[in-house]
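# Commentary on secondary and tertiary structure
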Amino acid sequence: MTLRARLTQPDILVAPGVYDGLTAALAAEAGFEALYLSGAAVAYTRLGRPDIGLTTASEMADTMALIADRVALPVIIDADTGFGNALNAQRTMRAYERAGAAALQVEDQTYPKRCGHLADKSLIPTAEMAGKIAAMADARASDETLIIARTDAIAVEGFEAALARADAYASAGADALFVEAPRSQAEMARITDTFGTRLPLLANMVEGGATPLSSATDLEAMGFSIAIFPGGIVRALAHTAKEYYANLAQNGSNRPFRDRMFDFDGLNTVLGTEAMLKDGRRWDGNG
């Protein structure tokens, strides 16, 4: 089923954040129907840097291609601002689509952007963003590749301005809308009341961010169609990694941490090593 077809169904689509082939495989094994390739998560893990626009389009496209090689699930990819003007956004569309993305999320911040839950963001004009969306729609190879238009206007211009921008982006050809960082359930309800019968709506759950954390069930009841949890996996793994390295430095051994780790065979089971080796033997004539 394509992502576009899935979004016609009434139940909410939960897309956990991933940042490489391993996290994508683990999320797929857990039973999710779609994934979210987070630009923030790539910045956190590949660069060890915050989400302030340092990740490049090529780094994201390379990561997308590796994930598409590992799992068959549709992936929503963070396209930031399209990495420039409308022509840059078109190039980003083509590159991400070739890499296997099912949907591109593009936002109306200036470039370089920053995390939607950080302060001191700035925006491009509404008309420029609308043109960028139309340009991306014109550049995509398949109508099944979705454009999710994000506005960061709540923190910059206010809530009513954010609704006005989202309306303009829907008219420009967006396939889904993402009004970033609503500050209350009342604002979330206004978003779904305004656009819920028009286009699928995405809700972003960031632990410690501006938006109240809600379950997928509650978000569905509000009228959202997609729930993303973009950076949760990195926050969970970073917490564990910090404890792991401290434990190793203190003890000079992994023995005290063994109950919180896969052993060698356990990780290979997760990775499917034996099945891959069996395939290799089959193809080289020794299976």
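Residues numbered from 1 in each chain as written. Predicted model: local features only at pLDDT ≥ 70, side-chain atom pairs only at ≥ 80, totals over all residues. Heavy atoms only, no water.

With that settled, consider the overall build of the protein. Along its length, the protein carries 13 helices and 8 strands. A globule of 287 residues ought to have a C-alpha radius of gyration of about 19 Å, and the protein, at 20 Å, matches this closely. Principal-axis analysis of the C-alpha atoms gives the protein an extent of 60 × 50 × 35 Å. For the protein, the residues scored as buried account for 47% of the 287 residues in total. The long-range fraction of contacts in the protein, counting pairs at least 24 apart against all pairs at least 6 apart in sequence, stands at 68%. Counting every atom, the protein has about 13,800 Å² of accessible surface; 54% of that belongs to carbon and sulfur. A distance of 4 Å separates the average location of the 26 positive side-chain charges in the protein from that of its 36 negative side-chain charges. (Helix = DSSP H or I, 4+ residues; strand = E, 2+ residues; numbered from the N terminus. Rg over C-alpha atoms; globule rule 2.2 N^0.38 Å. Buried < 20%, exposed > 50% of the residue type's maximum accessible area, 1.4 Å probe, protein only. Contact = heavy atoms within 4.5 Å. Areas by Shrake-Rupley, 256 points an atom, 1.4 Å probe, with all protein chains shown as cover. Lys, Arg positive; Asp, Glu negative; His and termini not counted. Charge placed at Lys NZ, Arg CZ, Asp CG, Glu CD.)

Let us now look at the layout of surface pockets. Rolled over the atoms, a probe as big as a water molecule pinpoints where empty space is left. Taken as a whole, the largest pocket holds about 680 Å³ of empty space. As for the largest pocket, its lining consists of 25 residues, of which Leu22, Leu26, Leu237, Thr240 and Phe262 are closest to the centre. Looking at the lining of the largest pocket, the elements that each hand over two or more residues are strand S1 (13-18), helix H2 (21-29), helix H11 (232-251) and helix H12 (264-271). (1 Å grid on protein atoms, 1.4 Å probe; cavity = no way out; pocket = protein on both sides within 12 Å on 5 of 7 lines; lining within 4 Å. Points joined across faces, edges and corners; volume = space filled by probe spheres on them.)

Now for the environment of Thr81. Tracing the chain through its elements places Thr81 in the loop between strand S3 (75-78) and helix H5 (86-99). In sequence terms Thr81 and Lys132 are 51 residues apart; their C-alpha atoms lie 9.1 Å from each other. The contact partners of Thr81, leaving out residues within four places of it in the chain, are Val106, Glu107, Gln109, Thr110, Tyr111, Lys113 and Lys132.

With that settled, the discussion passes to the packing of aromatic side chains. Summed over all chains, the structure comprises 3 aromatic pairs. With 6.3 Å between their ring centres and 70 degrees between their planes, Phe83 and Tyr111 make a pair best called edge-to-face. One end of the pair, Phe83, is in the loop between S3 and H5; the other, Tyr111, is in the loop between strand S4 (103-107) and helix H6 (126-139), with 28 residues separating them in the sequence. Classification of Tyr111 by relative accessible area gives partly exposed; the value is 47%. (Phe/Tyr/Trp six-rings, centres within 6.5 Å; stacked < 30°, edge-to-face > 60°.)

Our next topic: a nonpolar patch on the surface. Together, Leu22, Leu26, Phe262, Leu267 and Leu271 line one region of the surface with nonpolar side chains, adding up to about 420 Å² of accessible area. Of all elements in the fold, only H2 and H12 reach the threshold of two or more residues within the nonpolar patch. With respect to the helices and strands, the residue Leu267 is situated in helix H12. The exposure class of Leu267 is partly exposed, given its relative accessible area of 36%. (Patch = residues over 30% accessible without salt bridge, like charges linked within 9 Å, V, L, I, M, F, W, Y side chains within 5 Å. Salt bridge = Lys/Arg side-chain N within 4 Å of Asp/Glu carboxyl O.)

A separate point is unusual backbone geometry. In the segment running from Tyr111 into Pro112, the intervening peptide bond is cis, with an omega of 5 degrees. Checked against the element boundaries, Pro112 lands in the loop between S4 and H6. Backbone geometry at Asp80 places phi at a positive 50 degrees, although glycine is not the residue there. Mapped onto the fold, Asp80 is located in the loop between S3 and H5.

Another point: the sheet that holds strand S5 (residues 146-151). Sheet strands pair via backbone hydrogen bonds, and the direction of the pair is either parallel or antiparallel. Spatial ordering of the open sheet is given by S6-S5-S4-S3-S2-S1-S8-S7, a layout of 8 strands whose pairing is parallel. With one partner strand each, in any of the chains shown, strand S6 (176-179) and strand S7 (202-204) form the two edges of the open sheet. Neighbour to neighbour, the strand axes of the sheet diverge by 25 degrees on average, direction disregarded. Judged from the 3 bridges that link them, S3 and S4 form a sheet pairing that is parallel. (Pairing = 2+ DSSP bridges. Axes fitted to C-alpha atoms, helices over the stretch in contact; angles between N-to-C directions.)

What follows concerns the environment of Glu144. Residue placement: Glu144 occurs in the loop between H6 and S5. Those residues within four positions of Glu144 in sequence are excluded, and the remaining contacts are Thr2, Arg4 and Ala102.

What follows concerns the pairing of S4. In terms of burial, S4 is largely enclosed, as 5 of its 5 residues are buried. Burial of the side chains of S4 extends over both faces: Ala103, Gln105 and Glu107 are buried on one face and Leu104 and Val106 on the other. Following the chain from S3 across H5 to the adjacent parallel S4, one finds a crossover that is right-handed. Sheet analysis places S4 next to S5, joined by 5 bridges and oriented parallel. Among the inter-strand pairings, Leu104 is bridged to a residue of S5, identified as Ile147. (Right-handed = clockwise from strand over helix to strand, strands pointing away.)

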